[in-house]
Amino acid sequence: MTSPARPLIEIRGLHRTFVSGGAVETTALDGIDLDIHEGEFVAIKGASGSGKSTLLNVLGCLDRPSSGTYRIAGVDTTRLGTAELAHLRQRTFGFVFQRYHLINGMTAIDNVELPAIYGGVPKEVRRTRAERLMALLGLDDHRWKRPWQLSGGQQQRVAIARALINGGSVILADEPTGALDSKNSAEVIAIVRELAETGRTVILVTHDAQVAAQADRTIEIADGRIVSDRATKVANAPMTAAPLAVAGDRVSRPASGKTASQTGAQNFAQVRAWWSPIAEAGRSAFASIRSNPIRTGLTLLGVVIGVASVVALAAIGRGAEAEMIDRTSALVSNTIMVTDRREPGTSYTPLTPPDAAAIAELPNVIATLPVDEKYGVISHGHRETVTEIVGATRDYRTVYRWETRVGSYFSEEDDRRGSAVTVIGKTIAERLFPDTPDPTGATVLIDRMPFTVLGVLQEKGLSFSGEDLDRRLVVPLNAMMHRLGSRRELQYIVVAIDDMEMLTTTRDAVRALMVERHGRQDFSIADTAGAFRSITDERMAMNIRLIAIGGISLLVGGIGIMNMMLTAVRERTREIGIRTATGATPGDILRQFLIEAVVISGTGGVVGLAIGIAIGAGAAYFGATVILSVTSAALAFLLALTLGVVFGFMPARHAARLDPVIALASE
Ligand code: ADP
Ligand code: MG
């Protein structure tokens, strides 16, 4: 097992210099040449500041040399990228630090399992392994405790279990007894010795000669150079049946020499590898939300308001729009209106039925409707009501697409002769004939003139200006002019057109014709496209307001998330260092913080969605038309998630780029 042809670790001419504060350079390692064979137990000794920790960090691939080469199992580490180094670290090394470096928010057993999560070990396997290791290290009763509930010696044993969980073949211990009393110290050293005796390569940094004496070989460094390197003991043959031999799967060499069963296990691990870190990130995200409910809540407010307002305003806005289109189309079909416009002091010609007849001859015109209107009183027996009297031809029916519900319109003959007949609106019918649904044939008095009711119009409801359209009655235009004492002038002509695409052309033709007939434009001309256009404009303006309100609060929410994540990264720098040291790649760290940000923004999205729907329901309860659109709700929620990704990215990248050595040193 010892002394294979090639050393496990080969270091040549290794330098590590730190540039701090601009010009000042510290040379921590100043030309190290070192070979360590598999299975060796090496102590590195030296005064404080001599470069021991720096050497150990380089050995464990937490840090990179400034110059020189470092080969492990023949692989040149200086050629590996950050992620490859992380995988190497994960498979090969187990770190034990002076200050234990456990993650405070996690239980002891979760701490032990952490490297296995990044190693992609399936949940059940890593749990069993962790339990076995903890049992061997006398931690059975402490699995579910948090680090602060454990003594220093117990914490260090948890850290040792963590170093062993992936079967780490090289244990790197940086003054593992430095913070312990002599009893705990002796215990930890005994464990380390045992690890060495079960065939692991152990590299132990200490400034304590007694501790160093336990190793097979002692290397002393001063000012970044090796000053002595000697065997302290005759290397023992590995003891058989040492208890820790069963702990973890021993990996002989990091990049080669896998046994068949290990290859199988690793293939399985690779399948699971992508999932474990994501699940871990999700768990950690919920844990951090739970640990800071108020801060999270305040951060979420922007997202909540943004999503809620988009959902609620979209629902109410769509409702209002639908209502308006309904009313408008009830009132006007595809029409152009030519309206009388007399201005004082100017000569003018009234609109006349021949004008209407002339317009009817134009192309794209289906029919024209000459209209004379006035208010009057209609009565039947002792019942009477004030109403709008519309004098028009029977084309009223086609132009407004307004059928009768009972009875019928007057005939062409009635039109021509101006018969005393009328079609009345539903409201009038109910007013004057409360006892019968069909008043056809009845005689009513309109402005005290008798008229026969021919029919009742279908219900139309309110116009978009709020007028009750069912409160009108229609009489033949000639009856209006000759029997009801009107001014015998038209108020307007309604022009029903066929093809809306040609609306503008037709309108221009109507205008030209009327100017020709009247000698000047003494009328105004409008079309229903205008009415629809104004609705479209209204809707645009509404949407813009909506986007503005939602957008601003979502932006505020996003900035809140970014701020919270930056704070989280700062507060948890040491945790990031620990995760990296135990095998997390920069990608794992990035993913973890991104997932946290998305979980936070997603939570805000769900709450906002609920509030938005509640507001919509409230508005509906108070009588507004509310159309809840699944699309806009889904969009708002997606937007919230996107927000987490976009605004969480910068903090997450910042976390992923932290130097693990510096991160570990932070408090
Ligand atoms: P030891 O572990 O033997 O006490 P270190 O390896 O921690 O020593 O440090 C060796 C030298 O490198 C010291 O002079 C220390 O100040 C310096 N050093 C270590 N890390 C850094 C760093 N990140 N930036 C600047 N100087 C450093
Ligand atoms: Mg040190």
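Look up a bit, the structure's there.
As the structure is a prediction and not an experimental result, all values here were calculated from the model.

Definitions and cut-offs
- Within each chain, residues carry numbers counting from 1 in the order of the written sequence.
- Whichever chain is written first becomes A and whichever ligand is written first becomes 1, with later ones labelled in order.
- Since the coordinates come from a predicted model, pLDDT governs what is reported: local features require at least 70, and pairs of side-chain atoms require 80 or more to be given and counted, while whole-chain, interface and lining totals use all residues.
- The side-chain figures draw on all heavy atoms in the structure; neither hydrogens nor water molecules are used.
- A fitted line through C-alpha atoms serves as each axis, taken over the contacting stretch for helices, and the angle formed by two N-to-C directions is quoted from 0 to 180°.
- Only DSSP runs of H or I with at least four residues qualify as helices, and only runs of E with at least two residues qualify as strands; both kinds are numbered from the N terminus onward.
- Oblique is the label for every angle not falling under 35 degrees (roughly parallel), over 145 degrees (roughly antiparallel), or within 65 to 115 degrees (roughly perpendicular).
- By convention, the crossing between two helices is left-handed when the near helix turns anticlockwise from the far helix through less than a right angle, and right-handed when the turn is clockwise.
- Should any heavy atoms of two residues lie within 4.5 Å, those residues are considered in contact.
- In this classification, Asp, Glu, Lys and Arg are treated as charged, Ala, Val, Leu, Ile, Met, Phe, Trp, Tyr, Cys and Pro as nonpolar, and every other residue, Gly included, as polar.
- Each nonpolar core is a collection of buried residues, namely Ala, Val, Leu, Ile, Met, Phe, Trp, Tyr and Cys, held together in the definition by side-chain atoms within 4.5 Å.
- Exposure is judged per residue with a 1.4 Å probe applied to protein chains only, and the accessible area is read against the type maximum: over 50% gives exposed, under 20% gives buried, and values in between give partly exposed.
- Boundaries between domains were set according to an automatic or database domain assignment.
- Should a side-chain nitrogen of Lys or Arg be within 4 Å of a carboxyl oxygen of Asp or Glu, the pair is scored as a salt bridge.

S.K.: Please set out the packing of helix H19 (residues 586–621) against helix H20 (residues 630–656) residue by residue, giving values where relevant.
M.R.: Packing of H19 against H20 leaves a shortest axis separation of 7 Å and a crossing angle of 150°. With respect to each other, H19 and H20 are oriented roughly antiparallel. Here H19 runs over H20; the crossing is right-handed. Judged by residue contacts, Pro-586, Ile-589, Leu-590, Phe-593, Leu-594, Ala-597, Val-598, Ser-601, Gly-602, Gly-605, Val-606 and Leu-609 of H19 engage Ala-633, Phe-637, Ala-640, Leu-641, Gly-644, Val-645, Gly-648, Phe-649, Ala-652, Arg-653, Ala-655 and Ala-656 from H20. Classifying every residue of the contact of H19 with H20 by side-chain character gives 18 nonpolar, five polar and one charged.

S.K.: Run through the nonpolar core, naming residues and quoting values.
M.R.: In terms of nonpolar packing, the biggest core is built from 68 residues, with Ile-9, Ile-11, Leu-59, Tyr-70 and Ile-203 touching the most fellow members. The residues that make up this core include at least three from each of domain 1 (9–256) and domain 2 (279–322 + 534–665). What Ile-9 contacts, discounting residues up to four positions off in sequence, is Leu-34, Asp-35, Ile-36, Leu-59, Tyr-70, Arg-71, Ile-72 and Ile-203. Among the nonpolar cores identified, the runner-up in size contains 37 residues, and Leu-150, Leu-180, Val-188 and Leu-204 belong to it.

S.K.: Can you lay out unusual backbone geometry for me, pointing to particular residues and giving the numbers?
M.R.: The phi torsion at Asp-223 lies on the positive side, around 50°, for a residue other than glycine. Checked against the element boundaries, Asp-223 lands in the loop between strand E9 (217–222) and strand E10 (225–231). Classification of Asp-223 as exposed rests on a relative accessible area of 63%. One non-glycine residue with positive phi stands out, namely Arg-448, at about 70°. Mapped onto the elements of the fold, Arg-448 is located in the loop between strand E16 (443–446) and strand E17 (449–457). The class of Arg-448 is exposed, set by a relative accessible area of 76%.

S.K.: Please provide a residue-by-residue account of the pattern of salt bridges, values included.
M.R.: For the coordinates displayed, the defined rule picks out 29 salt bridges. In this structure, the salt-bridge partner of Glu-187 is Lys-183, at a minimum N-O distance of 3.7 Å. One end of the pair, Glu-187, and the other, Lys-183, are both in helix H6 (residues 182–197), four residues apart, so they sit about a helical turn from each other. Accessibility expressed as a relative area gives 30% for Glu-187, which makes it partly exposed. Asp-229 is the partner of Arg-217 in a salt bridge, and the nearest nitrogen-oxygen pair spans 2.9 Å. Of the two residues, Arg-217 is situated in strand E9 and Asp-229 in strand E10; the sequence distance between them amounts to twelve residues. With relative accessibility at 40%, the residue Asp-229 sits in the partly exposed group.

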